[in-house]
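A structural walkthrough
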Amino acid sequence: MRAARLIMPGLLVSLVLPVLADEFTVSSGLDYSRGKYGTPTTSETWYVPVVAKYETGPMIYKLTIPYLRITNPSVGPDGEPLPGDCGSVEKGLGDTVASANFALLDGSRGDGLIVELIGKVKLPTADEENCLGTGKTDFSAQFDLTQAFGVISGFATLGWKKFGDPSETNLRDPIFASLGFVTRLAPATSVGAAYDWRQKVTADGDGIQEFTLFLTQRLSPSWKVQLYALKGFSDASPDSGGGLLLSHSF
C-alpha cells in the first residue's frame, strides 16, 4: 500500500532525466485509505511519511520513515496480513523503507526511453505487537520503464518481493506490476493514471488491484506538490483512498 503507492513508486513518477548535478530532496505528506479487506469491519489508515532522496548521476537513493495511525487494523501498508493482538486504534512509527535506483538507460540516446533497476529493503521499525507491521525484513527488486510518445509518456513496472514470514504464517513472495501514463497540461502541471497489480501473498487471500489518478504541480523551481486518488478492486486493496506529497529540492 502506502510505501509503494504514495511515493511510488511507478505511480507519482517525475519522469525526468537524471540530474546533471547532485540534488537532495525532502518530502512529506499525508495518505488516507479505507476498506474492509474481506472482513465485516471497515479499517482506516493514515500514513504520514518523511522522505529523503539524494540523486547523483545515474543513482537515486531514498529513505522513507513513516508515522501510522490505523483504525481496526487488518492488513499492513503493503497489503500483507498483520500479526499481533490488534486494538481498535493503533498508532506509532511505521516500517522504514530504503531504496536505490540505477538508470540503465537515461533517455540520452534521443529515443525518450528510460529504464531503471530498483532495489528496496523494508526494515521492521514498526511494532508488530500493535499491528503496525509484520516485524520482519522484506526485500524487493523491480525494473521501471518510461517511454515518451510526444506529449504523453507511458510507464511500466515489473518486480518481485520477498516477504519475511511472521510467526505461524507463510507469506508468498509475489510478482507485482503497474502500467500507466502521464502528460503535461502546462509547463508546470502534469496529470496521469496508473493501474497496479500484485499476486496474492496468502493461499486464501486476494491479489492487489488498484487504479489511481494523480496530478503533479510544480510551485517553484524547488517546490512541488503531488495529489492523487485511488480505487481498489480486491479484498487486499483499500476500497478508496487519496493523499498528497509536498517536496522541496536543494
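This text goes with the structure placed above it.
Let me begin by describing the structure that accompanies this report.

About the cut-offs
Residues numbered from 1 in each chain as written. Predicted model: local features only at pLDDT ≥ 70, side-chain atom pairs only at ≥ 80, totals over all residues. Heavy atoms only, no water. Phe/Tyr/Trp six-rings, centres within 6.5 Å; stacked < 30°, edge-to-face > 60°. Helix = DSSP H or I, 4+ residues; strand = E, 2+ residues; numbered from the N terminus. Buried < 20%, exposed > 50% of the residue type's maximum accessible area, 1.4 Å probe, protein only. Pairing = 2+ DSSP bridges.

The next subject is the packing of aromatic side chains. Scanning all chains against the criterion turns up three aromatic pairs. Seen from their ring centres, Phe-155 and Phe-214 are 6.4 Å apart, and the 50° between their planes marks the pair as tilted. Of the two residues, Phe-155 is situated in strand β8 (residues 152-162) and Phe-214 in strand β11 (residues 208-218); the sequence distance between them amounts to 59 residues. The pair formed by Phe-155 and Phe-214 is uniform in burial state, with each residue classed as buried.

Right, let's talk about the pairing of strand β12 (residues 223-232) for a bit. As paired elements, β11 and β12 share nine bridges and run antiparallel to each other. Note that in β12 the partner of Arg-218 across the bridge is Lys-224. In this structure, the hairpin formed by β11 and β12 is closed by a connection of four residues. Where β12 meets strand β13 (residues 240-249), nine bridges bridge the pair, whose relative direction is antiparallel. The partner of Leu-230 across the bridge, within β13, is Gly-241.

Okay, the pairing of strand β3 (residues 59-71) next. Examined bridge by bridge, strand β2 (residues 43-56) and β3 share 13 bridges and lie antiparallel to one another. Within β3, the position partnered with Pro-49 by the bridge is Pro-66. In this antiparallel pair of consecutive strands, β2 and β3, the connection spans two residues, and Gly-57 shows a positive phi of 60°. Bridge count for β3 against strand β5 (residues 96-106) is six bridges, and the pairing is antiparallel. Bridge pairing in β5 places Tyr-61 opposite Ala-100. As paired elements, β3 and strand β4 (residues 89-93) share five bridges and run antiparallel to each other. If you follow Leu-68 over to β4, its bridge partner there is Gly-92.

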